[in-house]
Amino acid sequence: MSTKLVVLAHFLHMSVNKKGEPVINALIILFGFQLLGTLAERYLLLPVPGPVLGMALLMLVLFMHKPLTGQLKPTSDVLIQYLPVLFVPAATGIITFGSLLSSDGLLLLLVLILSTLIGIVSTAWIFCKLAARWAPPGTEERAS
Amino acid sequence: MNGLRETFVYLADTPLLWLWLTLLCYQLALWLQRISGRAAWANPVALSTFMVGGVILISGVSYKQYFSGAQFIHFLLGPTVVALALPLVLHWKSVRRALWPLLFSLLAGSAIAIICAVGLAYLFGLDEVLVKSVAPKSATAPIAMGIAESTGGIASLAAVSAVITGIIGASIATPLLNRLHFRDWRARGFAVGLNCHGIGTAHAFTIHPIAGVYATVGMALNGMLTAVLTPLVLWRVFGVGA
């Protein structure tokens, strides 16, 4: 099944007209890989959303066809720049959970705040400790 | 006055009003972020979510009605997540070099996120069903819902917990990591993406491209790992089949 998907991904890439409109080409590829990812999620029964699988498949194809990167970059840069606003409609869904204002809700909120704080700091700290030994940051990877 | 109400009811039924409101609130939030000098409380996603939520609650429309318009913005999440493949491929050399630190801190970070949420909720004396619902909060909302369903939590509460976690992380990560003098963009991005999924990753990209790349890695891998580790942690606490 997964080899079939890679073959499909190849065909998708071939079907794009190299002299066509770049934005349309980019959208055909991005939506196409989202479609493939959705199919993969459906038939491989993975606990991963379709778009994330689509991203993994697109990575594979980009490694095999480097020039495609340049073609996709302008469109994907714009999309990624506006990534935050795309979360607003789904995030607004928290208003449907009115019971958050109860005493249990406030405790839950406290749990989320504390565990997020601890999680972020400890993950960053562990990564830094390990990276100091195996892969110290290059100049580009460090804030000045 | 009646005419105004009628006009609103008419407009509320069109997708256009809600699409426009979402963009307007976001623009306003960006402006607030700018004039506050990028203060931690002025996170654009948090602010615009509160503004849109406030308008919906005051005007009395249902979330469903709002979403019928806003779904056109929501829909673009799909291709944008696919597009995250590009920065990953472009910075692949850096990611490969950091492979071992990434994998080990992924395991540790993922476990810490779940154990912290479960442990704190348990200590605070929350109901078992609530503990199970917050456990997968670091995975992206659709994954968290699936996990909560299979472990006996409430799916909608799991989704809300995930969204709130994302907003908390996007708001506090930068001032927190600055204060603790973390300078490695890889560590900063990875920690935010792992703990705060998509909303954290979106925030990381607005701070630094390398942070964004590592946030993507953290988000994608932790989504899968949380699905595996959450049932294990919950079994330790509540026993099998509890």
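Caption draft 1: Region of interest: the overall build of chain B. A count of helices and strands for chain B gives 13 helices and zero strands. In chain B, the order of α-helices and β-strands from amino to carboxyl end is α-α-α-α-α-α-α-α-α-α-α-α-α. Taking 18 Å as the expected radius of gyration for a compact globule of 242 residues, we find that chain B reaches 20 Å, a close match to that expectation. Per-residue burial for chain B yields a buried fraction of 54% across its 242 residues. A fraction of 62% describes how many contacts in chain B between residues 6 or more apart in sequence connect residues 24 or more apart.

Caption draft 2: Quick peek at the overall build of chain A. If you tally the helices and strands in chain A, you get seven helices and zero strands. Across the 144 residues in chain A, those meeting the buried criterion constitute 37%. Of the contacts made within chain A by residues no fewer than 6 positions apart, 47% connect residues no fewer than 24 positions apart.

Caption draft 3: Spotlight on the environment of Leu21(B). Residues and elements named next belong to chain B. Assignment of secondary structure puts leucine 21 in helix α2 (residues 15-35). What makes leucine 21 buried here is the crowd of 20 C-beta atoms within 10 Å. Expressed as a C-alpha distance, the spacing of leucine 21 and histidine 74, which sit 53 residues apart in the sequence, is 14 Å. If we skip the residues at most four places from it in the chain, leucine 21 touches Val52 and Val55.

Caption draft 4: Quick look at the confidence of the model for chain B. Summarising the model, chain B shows a mean pLDDT of 93, and 98% of its residues fall at 70 or more. Here the complex is predicted with pTM 0.90, and the ipTM for its interfaces comes to 0.92.

Caption draft 5: Inspection of the interface of chain A and chain B at higher detail. At the junction of the two partners, chain A supplies 66 residues and chain B supplies 97 residues. Going through the elements one at a time, α2 (22-44), α3 (50-64), α4 (67-81), α5 (83-86), α6 (88-91) and α7 (103-134) of chain A are the ones with two or more residues in the side of chain A that touches chain B. For the side of chain A that touches chain B, the leading source of residues is α7(A), giving 24 residues. The residue makeup of the side of chain A that touches chain B, split by class, is 49 nonpolar, twelve polar and five charged.

Caption draft 6: Looking closely at the packing of α7(A) against helix α11 (residues 155-179) of chain B. For the pair α7(A) and α11(B), the least separation of the axes is 9 Å and the interaxial angle reads 50°. Classed by the angle they form, the pair α7(A) and α11(B) counts as oblique. The interaxial crossing formed by α7(A) with α11(B) has right-handed handedness. Seen from α7(A), the contacting residues are Leu109(A), Leu112(A), Ile113(A), Thr116(A), Leu117(A), Ile120(A), Val121(A) and Ala124(A); seen from α11(B), they are Ser161(B), Ile164(B), Thr165(B), Ile168(B), Gly169(B), Ile172(B), Ala173(B), Leu176(B) and Leu177(B).

Caption draft 7: Region of interest: helix α10 (residues 141-151) of chain B. A large share of α10(B) lies buried, amounting to eight of its eleven residues. Those residues of α10(B) that are buried are in contact with α6 of chain A together with α9 (128-134), α11 and α13 (209-238) of chain B. Looking one or two places after α10(B), you find Gly152(B), whose phi comes out positive at around 95°.

Caption draft 8: Representation of the packing of α10(B) against α11(B) in the model. Residues and elements named next belong to chain B. Between α10 and α11, whose axes approach to 8 Å, the crossing angle comes to 145°. Handedness of the crossing formed by α10 with α11: right-handed. Contact with α10, carried on its side by Ala141, Ala144, Met145, Ile147, Ala148 and Glu149, involves Ala155, Ala158, Ala159, Ser161, Ala162 and Val163 of α11 and no other residues of that element. For the contact of α10 with α11, the residue count by class is ten nonpolar, one polar and one charged.

Caption draft 9: Expanded view of the environment of Ala83(B). The topology assignment puts Ala83(B) in helix α5 (residues 77-83). What makes Ala83(B) buried here is the crowd of 28 C-beta atoms within 10 Å. Residues Ala83(B) and Thr140(B), 57 residues apart in the sequence, show an inter-C-alpha distance of 17 Å. Setting aside its immediate chain neighbours within four residues, Ala83(B) contacts Leu30(A), Ser76(A), Leu79(A) and Ile80(A).

Caption draft 10: Focus on the nonpolar core. Ranked by internal contacts, the top residues of the largest apolar core, which has 115 residues, are Ala85(B), Ala117(B), Val134(B), Ala144(B), Ile167(B) and Phe190(B). When residues of this core are assigned to their parent elements, the largest contribution, 13 residues, is made by α11(B).

Caption draft 11: Representation of the confidence of the model for chain A within the structure. Per-residue pLDDT for chain A averages 87, and the proportion of residues at 70 or more is 85%. Ranking the elements of chain A by mean pLDDT puts helix α1 (residues 2-14) of chain A last, at 66, and α5(A) first, at 96.

The rules behind each value
- Residues numbered from 1 in each chain as written.
- Chains lettered and ligands numbered in written order.
- Predicted model: local features only at pLDDT ≥ 70, side-chain atom pairs only at ≥ 80, totals over all residues.
- Helix = DSSP H or I, 4+ residues; strand = E, 2+ residues; numbered from the N terminus.
- Rg over C-alpha atoms; globule rule 2.2 N^0.38 Å.
- Buried ≥ 20, exposed ≤ 12 C-beta atoms within 10 Å, placed from the backbone.
- Contact = placed C-beta atoms within 7 Å.
- pLDDT = per-residue confidence, 0-100.
- Nonpolar A, V, L, I, M, F, W, Y, C, P; charged D, E, K, R; others polar.
- Axes fitted to C-alpha atoms, helices over the stretch in contact; angles between N-to-C directions.
- Parallel < 35°, antiparallel > 145°, perpendicular 65-115°, else oblique.
- Left-handed = near helix turned anticlockwise from the far one by under 90°.
- Core = buried A, V, L, I, M, F, W, Y, C linked by C-beta atoms within 7 Å.

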